[in-house]
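Topology and contacts: notes
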Amino acid sequence: MIARLLISAAVLAVALAAVIGGSAGASSRQFISAGLGMGLALAAILLGYSMNRWAFGKSPRVFMAVLVGGMLGRLVLIALILVWVARSQHIPLLTFFVSLSISYITFQSMEALTIHRGLKRGKI
């Protein structure tokens, strides 16, 4: 799972760099902004995936508490970081939000697919 995430992160980074670099007036701040958005998405997904992997061996009640609590915790953490970025960082916000959104959706889909495959195979 982690290897797949890192490979997809590299592919997304190259794609975003190509899009940003191809746009008129691209600056290094846009690349930094896209990298921060992607890094936040990757960190959130790795945190959630590790919590879910830990919870699979526990009781259904503990698993659901970790699953729901982890989702809510990640949403609150991302929201707080978004507010901080919007207020105090001087980076292009559109680039940050787009890269965060695309990366998070991609990584979340990979996490769900990996967990689903693991459940079907009995490995998780």
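Preceding block: the structure.
On a predicted model such as this, the values are computed, not experimentally measured, just so you know. (Residues numbered from 1 in each chain as written. Predicted model: local features only at pLDDT ≥ 70, side-chain atom pairs only at ≥ 80, totals over all residues. Heavy atoms only, no water.)

**Focus: the overall build of the chain**
Each helix and strand counted, the chain has four helices and zero strands in total. When the helices and strands of the chain are listed from N to C terminus, the series reads α-α-α-α. Principal axes of the C-alpha set define a box for the chain whose edges measure 55 × 30 × 15 Å. Counting only residues that meet the buried cut, the chain has 32% of its 124 residues in that class. Within the chain, counting contacts between residues at least 6 apart in sequence, those at least 24 apart form 74% of the total. Accessible area for the chain stands at about 7500 Å²; split by element, carbon and sulfur atoms hold 72% of it. (Helix = DSSP H or I, 4+ residues; strand = E, 2+ residues; numbered from the N terminus. Buried < 20%, exposed > 50% of the residue type's maximum accessible area, 1.4 Å probe, protein only. Contact = heavy atoms within 4.5 Å. Areas by Shrake-Rupley, 256 points an atom, 1.4 Å probe, with all protein chains shown as cover.)

**Concerning the nonpolar core**
If you look at the biggest cluster of nonpolar residues, it comprises 17 residues, and the most contacted ones within it are Leu5, Met38, Phe96, Leu100 and Phe107. Of all the secondary structure elements, the ones that give two or more residues to this core are α1 (2–22), α2 (28–55), α3 (60–88) and α4 (93–121). Element by element, the count of residues in this core is highest for α2, at six residues. Non-local contacts of Met38, meaning those with residues more than four positions away in its chain, are made with Ala9, Leu12, Ala13, Leu16, Ser99, Ser103 and Phe107. (Core = buried A, V, L, I, M, F, W, Y, C linked by side-chain atoms within 4.5 Å.)

**A few points about the packing of α3 against α4**
Two elements in contact, α3 and α4, have axes separated by 11 Å at closest approach and are oriented at 165°. The pairing of α3 with α4 is recorded here as roughly antiparallel in orientation. Crossing of α3 over α4 shows right-handed handedness. Within the contact between the two elements, α3 uses Arg74, Ile78, Leu82, Val85 and Ala86 and α4 uses Leu93, Phe96, Phe97, Leu100, Tyr104, Gln108 and Glu111. (Axes fitted to C-alpha atoms, helices over the stretch in contact; angles between N-to-C directions. Parallel < 35°, antiparallel > 145°, perpendicular 65-115°, else oblique. Left-handed = near helix turned anticlockwise from the far one by under 90°.)

**Remarks on the environment of Leu119**
Tracing the backbone through its elements, the reader meets Leu119 in helix α4. Spatially, the C-alpha atoms of Leu119 and Phe56 are 9.5 Å apart, while their sequence positions differ by 63 residues.

**Remarks on the packing of aromatic side chains**
This model, assessed by the stated rule, comprises two aromatic pairs. Ring centres of Phe96 and Phe97 lie 5.7 Å apart, and the angle between their planes is 65°; on these two criteria the pair is classed as edge-to-face. Taking relative accessible area as the criterion, Phe96 reaches 2% and is therefore assigned buried. (Phe/Tyr/Trp six-rings, centres within 6.5 Å; stacked < 30°, edge-to-face > 60°.)

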